[in-house]
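Examining the three-dimensional arrangement
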Amino acid sequence: MTRDETRISQEELEAAQYFHGHKCPAMPQGLRAGHLAMDLLGVHRARGGGELVAIVETGDHHFSGCFVDGVMFATGCTTGKGNLVRKPLGKFAVTLIDTKTLRAVRVTPHYERMSQCLTMDFFKLRANGVPPYELDPQVVEPLIKDVLTKPWEEIFAVQTFDQYPYRKEPEVFDAVQCAHCGELVVTSYATSYQGHWYCEPCLDQALHAASPES
Ligand SMILES: [Zn+2]
Ligand SMILES: [Zn+2]
């Protein structure tokens, strides 16, 4: 396993910040975690989708959820390609799986690192309702620089897996028309009932209509 780490260029950082929408330290932390995971596995960014899968453990509506956008940008594991799996545990970790070999790494910031965040001015301001894009760059920029330049061992803990339990789902390329709403539904999400295809909400209606009321 290599310990050489890809350097995140200013160009990549700016592109990721554009995608993310504002400057904060959590997105770059995810960006670096994603790159580190790829470096440790010796793999390239996902292009087709199936070659890499990222499992992220952040939940909804909590601080530093921005981590996931950095992971997506770095690894190419995205919601649209279907290779970003959300396992909401309220933790800041990404597990990157090489689906060909089933080797995987889980990268997570050290406890001390994340917990000290909570006492920083940046987080106090955020907790008091200041949106990230209104924060003074002097508060944010040093945090971004810190997360991108410290030796990774000081920021992240890494676990490796030789055979991660992951089952590949085949990609579906066909669809049907729902007999009730007339919309197109991917076949694996449609149900055949009494000789007709239905989408899920229309199937519920069809089943209720079929059940005797009196
Ligand atoms: Zn952010
Ligand atoms: Zn329907």
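Residues numbered from 1 in each chain as written. Chains lettered and ligands numbered in written order. Predicted model: local features only at pLDDT ≥ 70, side-chain atom pairs only at ≥ 80, totals over all residues. Heavy atoms only, no water.

Now for the overall build of the chain. Along the backbone of the chain there are 8 helices and 9 strands. The C-alpha atoms of the chain give a radius of gyration of 22 Å, which is well past the 17 Å a tight globule of 214 residues would have. When the backbone C-alpha atoms are referred to their principal axes, the chain occupies close to 65 × 45 × 30 Å. When burial is assessed residue by residue, the chain has 42% of its 214 residues classed as buried. At a minimum sequence separation of 6, the contacts of the chain that also span at least 24 residues come to 68%. Just so you have it, the chain exposes about 12,800 Å², and 52% of that area is on carbon and sulfur atoms. (Helix = DSSP H or I, 4+ residues; strand = E, 2+ residues; numbered from the N terminus. Rg over C-alpha atoms; globule rule 2.2 N^0.38 Å. Buried < 20%, exposed > 50% of the residue type's maximum accessible area, 1.4 Å probe, protein only. Contact = heavy atoms within 4.5 Å. Areas by Shrake-Rupley, 256 points an atom, 1.4 Å probe, with all protein chains shown as cover.)

On to the pairing of strand S3 (residues 94-98). With 5 of its 5 residues buried, S3 lies for the most part within the structure. As paired elements, strand S1 (residues 52-56) and S3 share 5 bridges and run antiparallel to each other. What sits directly across from Ile55, in S3, is Thr95. Between S3 and strand S4 (residues 104-109), which pair antiparallel and follow one another directly, the connecting turn spans 5 residues, one of which, Leu102, has a positive phi of 65 degrees. (Pairing = 2+ DSSP bridges.)

Bringing the nonpolar core into the picture now. Counting residues in hydrophobic clusters, the biggest one holds 25 residues, and the most contacted among them are Val94, Leu96 and Val107. When contributions to this core are tallied by element, the ones reaching two or more residues are helix H2 (26-41), S1, helix H3 (67-75), S3, S4 and helix H7 (152-155). Take this core: its biggest share by element is 6 residues, from H2. Discounting chain neighbours no more than four positions away, the residues touching Val107 are Ala33, Leu36, Ala37, Phe92, Ala93, Val94, Phe156, Ala157 and Val158. (Core = buried A, V, L, I, M, F, W, Y, C linked by side-chain atoms within 4.5 Å.)

Below, the discussion takes up the UniProt feature "domain: Formylmethanofuran dehydrogenase subunit E" (unreviewed entry) in the chain. Residues annotated by UniProt as "domain: Formylmethanofuran dehydrogenase subunit E" (unreviewed entry) correspond here to residues 19-156. For residues 19-156, the helix share is 42%, the strand share is 14%, and the end-to-end C-alpha distance is 24 Å. (UniProt positions renumbered as here; feature names shortened; annotations may be inferred.)

The next subject is the coordination of the zinc ion (ligand 2). Taken together, the protein ligands of the zinc ion (ligand 2) are Cys178 (SG), Cys181 (SG), Cys199 (SG) and Cys202 (SG), with distances of 2.3 to 2.4 Å. Motif for the zinc ion (ligand 2), donor spacing along one chain: C-x2-C-x17-C-x2-C. Pair noted here: Cys181 is in the loop between strand S6 (175-177) and strand S7 (184-186) and Cys202 is in helix H8 (residues 200-210), with a separation of 21 residues, a long-range link. For Cys181, a relative accessible area of 34% puts it in the partly exposed group. (Donors = N, O, S within 2.8 Å, 3.2 Å for Na, K, Ca; no water.)

Moving on: the layout of surface pockets. Considered as a void within the structure, the largest pocket measures approximately 360 Å³ in volume. Lining the largest pocket are 14 residues, with Gly50, Lys81, Gly82, Glu169 and Glu171 positioned closest to its centre. Its residues assigned to classes, the lining of the largest pocket shows 4 nonpolar, 6 polar and 4 charged. (1 Å grid on protein atoms, 1.4 Å probe; cavity = no way out; pocket = protein on both sides within 12 Å on 5 of 7 lines; lining within 4 Å. Points joined across faces, edges and corners; volume = space filled by probe spheres on them. Nonpolar A, V, L, I, M, F, W, Y, C, P; charged D, E, K, R; others polar.)

Where helix H1 (residues 10-20) meets H2, the axes come as close as 10 Å, and the angle between the chain directions of the two elements is 125 degrees. The angle between H1 and H2 falls in the class oblique. In this structure, the crossing between H1 and H2 has a hand that is right-handed. Mapping the contact onto sequence places Glu12, Leu13, Ala16, Gln17 and His20 in H1 and Met27, Pro28, Leu31 and His35 in H2. Split by residue class, the contact of H1 with H2 holds 5 nonpolar, 3 polar and 1 charged. (Axes fitted to C-alpha atoms, helices over the stretch in contact; angles between N-to-C directions. Parallel < 35°, antiparallel > 145°, perpendicular 65-115°, else oblique. Left-handed = near helix turned anticlockwise from the far one by under 90°.)

Within the first shell, the zinc ion (ligand 1) binds the protein through His20 (NE2), His22 (NE2), Cys24 (SG) and Cys66 (SG), at distances of 2.0 to 2.3 Å. Around the zinc ion (ligand 1) sit 4 donor atoms, and with donor-metal-donor angles ranging over 91 to 120 degrees the site reads as tetrahedral. Coordination of the zinc ion (ligand 1) draws on donor residues from a single chain, spaced H-x1-H-x1-C-x41-C in sequence. The residues His20 and His22 share a single accessibility class, namely buried. (Tetrahedral: all angles 85-135°; square planar, octahedral: opposite > 155°, others 65-115°.)

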